Amino acid sequence: MTLHEEQERVQKAVHNSLSHVQEDPWLAQRVIAKAKGEKPVGKKISVLMILAIVLIILSMTAALAAGLRLFGEMAQRQDADSRLPVLEEASESVSASLTTENGITIEISQAYYEGNRVFMSYRMSGNHASVELHEGAPEGEYPWQLELENTVAAETFRDDVPELQRLNVWLDGKSQRWGISSYATIHDGLFLEDGTYLDIVGGDNYVQEDGSITGWKECKIPKDRQADTLTFKLVLFRSRNIIFQDGATYKSFYERLGNTDVFFTLNRNDHYEYLKGSSRQDRYQASAEFALGKVDLKGTVHVTAPEAWVKAWTDCETKENLDMIIDWSLYQNGKRIGAAGVQSIRGEGTRDIYFELLYPRTDSANGLSLVPEYSQSGEHADEAIIIQRIIE
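These notes cover the structure that comes with them. It should be emphasised that the depicted structure is a prediction, and the values quoted were computed from it without experimental measurement.

So, how was this worked out
- Residues numbered from 1 in each chain as written.
- Predicted model: local features only at pLDDT ≥ 70, side-chain atom pairs only at ≥ 80, totals over all residues.
- Heavy atoms only, no water.
- Salt bridge = Lys/Arg side-chain N within 4 Å of Asp/Glu carboxyl O.
- Helix = DSSP H or I, 4+ residues; strand = E, 2+ residues; numbered from the N terminus.
- Buried < 20%, exposed > 50% of the residue type's maximum accessible area, 1.4 Å probe, protein only.
- Pairing = 2+ DSSP bridges.
- Phe/Tyr/Trp six-rings, centres within 6.5 Å; stacked < 30°, edge-to-face > 60°.
- Lys NZ or Arg CZ within 6 Å of the ring centre and 35° of its normal.
- Axes fitted to C-alpha atoms, helices over the stretch in contact; angles between N-to-C directions.

## Thoughts on the pattern of salt bridges
(1) Moving on: Within this structure, the stated rule accounts for 22 salt bridges.
(2) Moving on: For the salt bridge of Arg-83 with Glu-218, the shortest nitrogen-to-oxygen distance reads 2.8 Å. With a gap of 135 residues between them, Arg-83 in the loop between α4 (70-75) and α5 (84-90) and Glu-218 in strand β10 (residues 213-220) connect regions that are remote in the sequence.
(3) Moving on: Exposure remark for Glu-218: the relative accessible area of 2% places this residue in the buried category.

Structure, rendered in structure tokens:
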């Protein structure tokens, strides 16, 4: 049962349970009377009715929580990526997990392979972070890799993991203090089974109330490594930091303790539509290539532009007051459905600019166009690029 079906089932159950409760036309009058200090007169609601309503609400909450997997849980956050609800529905259940010898558990619960990208969610729990706190100076000599004058950890650094933050608080600069932090981290990107690195292009992670860490990743697969079925590898690193707060001087020594690999295999989603389009204007010409899948609409616009535009993107010292393209808005049948789609912009040579763009998926590939947005004059609808499905 999907989350949507679960929600519908719960809503029907609530509706049926409360179907005998009638609308009360005297409610407003009772509220006004109460505000005036008058004695309200009306029906009493029974204790059994209150209990029934509470049980219904609790049942609904439990049902909804039970229907969510990890992508769905993270989608509830206020700052969540808009694609997480789609990934909740589209992704496969993976159930790849292991526990290290020192009690760190890694679980990969969902993953999805589409086109040239892989998405996955994970949870790290157990003994993934611990600290030791000591007074004075550490015994022995350490080849400090970082020494910062006039830097106090308690005033300068903040860690989202509560256990690691304890060490920052301990190093308050009022005397000599030191500590050891041992922790595990997930590598930013993923790897293929043969060791090919897959660069991360999206994702996030969150510290939970129980101390566990949940997160998700979106990684790009090189063109020459794409296949119908691929085995991926998540890498867990274990590390240790020795930190010495010598008054106002901060010193640290870092060392890697080892790593653990977690493997999972996916089949590529074939429900992909490819779109192309081009435009030629007085000052520039542009070509667009996009792919529409279950998760999003993603692609590139290549602009052959005036040299001044390219220089503005490649030279940070450029101060010219230019009115140039800085973004593209997505329209469908004349209605804007996506804005601020730029993920990255890069200039090459003297005339070429590449806009990497990302928009929410659309139910249809018909009637789509990209309208350039200029730095000063805003959108130029007359310069829209019509992107159409490639018929193979």
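So, next bit.
## What about the pairing of β10?
(1) Moving on: Where burial is concerned, most of β10 is hidden: seven out of the eight residues are buried.
(2) Moving on: Inspection of the sheet shows strand β3 (residues 117-126) paired to β10 by eight bridges, in the antiparallel sense. Its bridge partner being in β10, Tyr-122 is matched across the sheet by Gly-215.
(3) Moving on: Relative to β10, strand β9 (residues 200-207) runs antiparallel, the two being bridged by seven bridges. Paired with Gly-202 across the two strands is Glu-218, which belongs to β10.
(4) Moving on: Between the end of β9 and the start of β10, which pair antiparallel, lie five residues, with Gly-211 showing a positive phi angle near 95°.

## What to know about the packing of aromatic side chains
(1) Moving on: Scanning the model with the defined rule gives eleven aromatic pairs in all.
(2) Moving on: When the ring of Trp-309 is compared with that of Tyr-374, the centres are 6.1 Å apart and the planes differ by 85°; the resulting orientation is edge-to-face. One end of the pair, Trp-309, is in helix α8 (residues 307-314); the other, Tyr-374, is in strand β20 (residues 368-374), with 65 residues separating them in the sequence. With respect to class, Trp-309 is no different from Tyr-374; both count as buried.
(3) Moving on: In this structure an aromatic cluster arises from ring pairing among Tyr-142, Trp-144, Phe-244 and Phe-253.
(4) Moving on: When the ring centre of Phe-191 is taken as reference, the NZ or CZ atom of Lys-233 above it lies at 5.6 Å.
(5) Moving on: Sitting over the face of the ring of Tyr-354, Arg-346 holds its NZ or CZ atom 4.3 Å from the ring centroid.

## A closer look at the sheet that holds β9
(1) Moving on: Strand order in this open sheet of five strands is β1-β2-β3-β10-β9, and the pairing throughout is antiparallel. Single-partner strands in this sheet number two, and they are β1 (92-99) and β9. The average undirected angle you get between the axes of adjacent strands in this sheet is 15°.

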